[in-house]
Structures are given as structure tokens and as C-alpha cells.
Amino acid sequence: MDSEVARLVVGGDPVAVVEEGMPYAELWMGAHPKGDAQIKDNRIAQTTLGEWIAHFPGCLGSKVKDTFQGQLPFLFKVLSVNTALSIQAHPNRELAARLHDQFPEHYPDDNHKPEMAIALTRFQGLCGFRPVEEILGFLETVPEFRALVGNEAAEELRRGGGGGDAARAAQALKKCFTRMMNCEKKVFVDQLNMLVKRVSEEGAAGKDTASSHGDLLLRLHSQYPGDIGCFAIFFLNHMVLEPGQAMFLGANEPHAYLHGDCIECMACSDNTVRAGLTPKYIDVNTLCDMLNYSPAPAASKIFPCVQDASDPCVSLYDPPVPDFAVMRIQVPASVKQYTVAAVDSASILLVTEGDATATSAAAHSDIPLGRGSVLFVSANESVSLHAASKSGMTMFRACCLL
């Protein structure tokens, strides 16, 4: 079972059955209408988290309830990515409202969707536009890429990319990317086939294909043959996150998840504008218009966590949006009693490693926790853990720190 999602599902539900050969790619924890979590508590009739919150909105905490109109503002997920997910970006609130109004079948709500990915295993993705000099390097060494961008746009990027004029560089970059994304299908398929053939032959001859990003190109082409998204690797930073490292994806940031397992937290929305590496609806014009064309190195895209000053077990990932924050809680094996501190927000707690017995004022009885257990914790409630694991515990907690 090489999917972390499948392992967590089995760990968290003793009667869950994982079917061999079925992909287990996403575990949703939240109250989004497309995946409203079931509450498993034999003291109450079967209900969903969304229904529970609607009946008891005070569980959100007063600030969260008032700010987000009685809704849980975040969606918490685990992703197991084996096949690359689409090249995409998420709209800001204004664009989301417009897209939802015009194309509700493709954009199901009017909310923005900033999101953050925290690696559980080594995690690969694409994020943000590369520095201009890197893109110019690929335009020189990958003639098939240059053929799609065109000499005029490539030359404009070379002239406008340096010199410190950020607006000019962004405009030139937008022109290059838009030219490539709007290429006729026959043209880009022919160029892609030529590039794949060349890289494959060079690799077979023992040559280094790094200057063409050969390994990644061949992997994406094997998953999405003939897809324009294969060329996006020459525009976007290739990120490799080690466990615990994160990247934050604000509005209009181009990105794709390529491989690995991660925790993901986002505003409660399912709005995605896609343009490649996908069989789903593609909206190239909207994507090219909306993107943030600010080039920056890959290292700048890693989002830092901060050690909690009052609890050495907690690392906080607090992005520059009000909708969500994530805590990673690592309880060492030497600590047998641990309190998950109360915060003024409803939170969702996921156990990824270790075992414990949980008690809280609201629970009335002990709750056994293990890998894959998920708890909804009301605002201003603490949870006491009696750890039973010889190797400590790791948990992730999503909440809203207004």
C-alpha cells in the first residue's frame, strides 16, 4: 500500500476496506458540500460536520463565526500524488465571484482558494515562475521550447528580463507563456514528440539530459502524452520538499503537484483554473490572464514554519491569509501526558503517527487515537492525551487564528 491516504484510512477506521489496485489520492476533512465529513459518535444520530456546525455555530469560536458567517473557513486534506495533478492556479475573491457567476458548472463557488502543502514524504511540485535567467537558459538549450514561444517573445524576455524593471519583465514573461499556451495543437505535439525523442536518445547514449530537464519531462510525457503542460517545466520552479517543508500558494500562483504525500490546507473552496496535465476542463485564457508573473527562485517558495514559544512540540505554519493555519505537533516518546491546547477556533486534528487515549470535557468518555484518527475540536476546548506509543506521536491540526 504505497498511498499514505490509504494507510491513514485503514488506520483510522477499523472496518474500512482498501481495494487493491484502486487509487487512494485524497482524504478530505472538513465541511465542504462536495465532501462533508461524517461525525462518528454513537451518542448522536448520524450527521455531517456541516450539519453539526449549522446546529451549534458557537463551536467555531465567536471571531471565526462572525468573520466567516457561521461556516468552517478551511478544508483540510491529505494528498497522495502518484500521477501529476494539473497545472493550475486559484482565483482571488473578485475573480472567483465573476467566474462562478459566468460559469457555475466549472467554478462551483464564489470563494478564493489560497492553499498550503506540507510534505509528509519527499514531495515534488511546480510552483511560481522561475528566475528569468533560468527560463532564458532553457530557451537557448531547448530549441523545441523556443519554437513554441517564438523568437520575438523570447527576445523581448531577454531584453526586458534584466535591468530591474519588474513590470517589464512580468509583461515579457506573460507574453512568452501565453504564446506557448495558445500554440496550435499540431505544432506543440510535433515539438513535444521531437523533444521526447531527442532526450530519450541522449539518455540512451549516456548523455546528461539535465539541461532539458530530461527525467521530469519523460515522466510527465509518459503520464500525459501530447500535453502542453509538459513544457511548463521550463517556466515553473521545480520544487522538492523534504518532510516538514511547506509551500504556500496564494491567489494566481501557478503550480502543480507532481509526486509524493502531503498535508494540504486551504480556504473552503473548490475553484481551480486549469491549463495542462489534466483531462478536466481547461481554461487557458483565464489562466494566462490571471497569473502572477513575478519570477523568483525555488528557495523563496518554501514557506517557513515557526516554533511555538509556549510549546516546544508545536511548529506553526501561519500563511498570510485569515482562513487557516496548520500546526504540526510532535510529541516525543519521553512525554506520556500531553495537552492539545485550547485555541479560539474550531480545529481538526489528524494523527499521522503514534497512539494515545484522548479525554476532553466535551467527550464524556475516553477516545482511542491512532494513525489516521481525526478529531473535530470545538473552539476553546483542550484535549488531554495519554500517549501509548514507544516512538512518540505526530499530529497535524488545522485551525483559524484570527
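Position numbers for residues start from 1 in each chain and track the written sequence from start to end. Where local features are concerned, this predicted model is filtered to residues with pLDDT of at least 70; where side-chain atom pairs are given and counted, the filter is 80 or more; whole-chain, interface and lining totals use all residues. Water and hydrogen atoms were dropped before computing side-chain values, which therefore reflect all heavy atoms in the structure.

1. What to know about the packing of helix α9 (residues 185-204) against helix α10 (residues 214-223)
The relative placement of two packed helices is expressed as an angle between their axes plus a distance between the axes. Rules: Helix axes use the C-alpha atoms of the stretch in contact, all axes being lines fitted to C-alpha atoms, and the angles between their N-to-C directions lie in the range 0 to 180 degrees. Strands are runs of DSSP state E lasting at least 2 residues, helices are runs of H or I lasting at least 4, and numbering of each runs from the N terminus. Should an angle fall under 35 degrees it is taken as roughly parallel, and over 145 as roughly antiparallel, whereas 65 to 115 is taken as roughly perpendicular and any remaining angle as oblique. Left-handed describes a crossing whose near helix is turned anticlockwise from the far helix through less than a right angle; right-handed describes the clockwise counterpart. The contact rule is simple, with two residues in contact once any of their heavy atoms fall within 4.5 Å. Amino acid classes used here: Ala, Val, Leu, Ile, Met, Phe, Trp, Tyr, Cys and Pro are nonpolar; Asp, Glu, Lys and Arg are charged; the rest, including Gly, are polar.
Two elements in contact, α9 and α10, have axes whose closest approach is 10 Å; the angle formed by their N-to-C orientations is 125°. By the angle between their directions, the pair α9 and α10 is classed as oblique. Between α9 and α10 lies a crossing whose hand is left-handed. Contact residues: Leu192, Asn193, Leu195, Val196, Val199 and Ser200 in α9; Gly214, Leu217, Leu218 and His221 in α10. Of the residues assigned to the contact of α9 with α10, the class counts are 6 nonpolar, 4 polar and no charged.

2. Here we look at the pairing of strand β22 (residues 393-399)
Which entries qualify depends on this criterion: Exposure is judged per residue with a 1.4 Å probe applied to protein chains only, and the accessible area is read against the type maximum: over 50% gives exposed, under 20% gives buried, and values in between give partly exposed. For two strands to count as paired, DSSP must find a minimum of two bridges between them.
Most of β22 is tucked away, with 7 of its 7 residues classed as buried. Side chains of β22 alternate between two faces, with Met393, Met395, Arg397 and Cys399 and Thr394, Phe396 and Ala398 buried alike. Judged from the 7 bridges that link them, strand β15 (residues 325-331) and β22 form a sheet pairing that is antiparallel. Residue Val331 lies in a different strand from β22, and its bridge partner there is Met393. The pairing of strand β17 (residues 347-353) with β22 spans 5 bridges and is antiparallel.

3. Concerning unusual backbone geometry
Most peptide bonds adopt trans geometry, and most residues besides glycine take a negative phi value. Here His213, not a glycine, exhibits a phi torsion of approximately 50°, which is positive. Along the chain, His213 turns up in the loop between α9 and α10. Judged by its relative accessible area of 19%, His213 is buried. Of note in this structure, Leu277 is not a glycine but carries a positive phi near 55°. Mapped onto the secondary structure, Leu277 falls in the loop between β11 (273-276) and α11 (284-290). The class of Leu277 is buried, set by a relative accessible area of 1%.

4. A closer look at helix α4 (residues 93-102)
The cut-off we apply is this: As used here, the arc is the angular range of directions from the helix axis to the C-beta atoms. Contacts described as polar in this section are N or O atom pairs within 3.5 Å, which, within protein, must combine one atom able to donate a hydrogen with one able to accept it, while residues neighboring in sequence count only if both atoms come from side chains.
Of all the residues in α4, the buried ones are Leu95, Ala96 and Leu99. Down the axis, α4 shows its buried residues gathered within 100° of arc, on one side only. Exposed residues pointing more than 90 degrees away from the buried face of α4 are listed as Glu94 and Asp101. Turning to α4, the residues buried within the fold contact β11 and α11. A distance of 3.3 Å separates the backbone nitrogen of Glu94 from a side-chain oxygen at the start of α4, and that oxygen is part of Asn92.

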